[in-house]
Amino acid sequence: MDPKTDEAAPSAGVVARLRQLIAEGRYASGERLAEESVAAALGVSRTPVRLAFRTLAQEGLLQSAGKRGHVVREFSAEDVRVAVEVRGALEGLAARRLAERGLTAALREVLHACLEEGAAVVAAARLTEAGIARWSALNARFHAAIVAGDGSSRVIADAIARNNHLPFASADSITVQKQHLDRELRKLQLAQMQHRLVVQALEQRESARVEALMREHANIGLRYAALFGLDEGTPAPRRTPR
């Protein structure tokens, strides 16, 4: 078995759990995180934690502190809300342009493959670390395919890439409340339905509709928690006392 495949599921699960802990303020702005202590707290080895730190640094949640590990980046609730809104607007624009141009056969195949894999993930009896990793990967492919689908300009893709360096801004910044995996699964089921609606609108070349769908879809990780009995609120880590 490919070692990279073995690492993917635990690493994705650790990334999602660390995002949630930061969102809850359990790891506060300015706090130093070390691989060994985080691994012990999460009950995993240091390898997935190391990979998770790398991912979260790319997303802008952590900053490297050299040999001292990583530090949680300081940001506000408003920073997060605006970054998610900006991504929704940019992805909506990309989807609208794509609907106006029409899907190629190759792109339609990619999107339907994402839908099929998503259906398999959300049909599971319970959400697992492997399921989280699988959803994260297919969700990233789905969003990237739509953004790249227009093909006539790199402007939108470059703008999204820059925005993705802000905390919780990227499409695959999934947070998971481990104690409520049944509710998290229902949230993914709604996200899967939204993916289906987006593809339907693209295939029917409904540009205004697909733009609105993508804008709303961006909010699922941030504003839908109460619908599923999950903790409500925009991530806003408190500053570590000095």
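Coordinates for the structure precede this section.
Definitions and limits used
- Residues numbered from 1 in each chain as written.
- Predicted model: local features only at pLDDT ≥ 70, side-chain atom pairs only at ≥ 80, totals over all residues.
- Heavy atoms only, no water.
- Helix = DSSP H or I, 4+ residues; strand = E, 2+ residues; numbered from the N terminus.
- Contact = heavy atoms within 4.5 Å.
- Expected span 1.5 Å × (residues − 1).
- Salt bridge = Lys/Arg side-chain N within 4 Å of Asp/Glu carboxyl O.
- Buried < 20%, exposed > 50% of the residue type's maximum accessible area, 1.4 Å probe, protein only.
- Core = buried A, V, L, I, M, F, W, Y, C linked by side-chain atoms within 4.5 Å.
- Pairing = 2+ DSSP bridges.

Let us look at the side chain of Ser136. Within the secondary structure, Ser136 sits in helix 6 (residues 129-149). Ignoring anything within four residues of it in the chain, the contact list for Ser136 reads Asp172 and Ile174.

Another point: helix 8 (residues 181-203). The end-to-end C-alpha distance of helix 8, which contains 23 residues, comes to 33 Å, matching closely the 33 Å that a straight helix rising 1.5 Å per residue would cover. Looking one or two residues past helix 8, Arg205 carries a phi angle of roughly 60°, positive in sign.

This part takes up the pattern of salt bridges. Tallied over the full model, the rule gives 14 salt bridges. Note that Glu206 is salt-bridged to Arg209, the shortest N-O span being 2.7 Å. By relative accessible area, Arg209 is classed as partly exposed at 30%.

A few words on the nonpolar core. Residues Leu18, Ile22, Tyr27, Leu33, Val38, Phe53 and Leu62 are the most contacted members of the largest nonpolar core, which totals 24 residues. Those elements that provide at least two residues to this core are helix 1 (3-23), helix 2 (35-42), helix 3 (46-59) and helix 4 (77-101). Among the elements that take part in this core, helix 1 stands out by supplying 6 residues, more than any other. If we skip the residues at most four places from it in the chain, Leu33 touches Tyr27, Val38, Phe53, Leu62, Arg68, Gly69, His70 and Val72.

Bringing the sheet that holds strand 3 (residues 70-72) into the picture now. Spatial strand order, 1-3-2: 3 strands in an open sheet with antiparallel pairing. What marks the edges here is a single partner per strand, and that holds for strand 1 (32-33) and strand 2 (62-64). The pairing of strand 2 with strand 3 spans 3 bridges and is antiparallel. Bridged to Ser64 within strand 3 is His70.

We now examine the side chain of Gln194. As for its placement among the helices and strands, Gln194 is situated in helix 8. For Gln194, a relative accessible area of 9% translates into the label buried.

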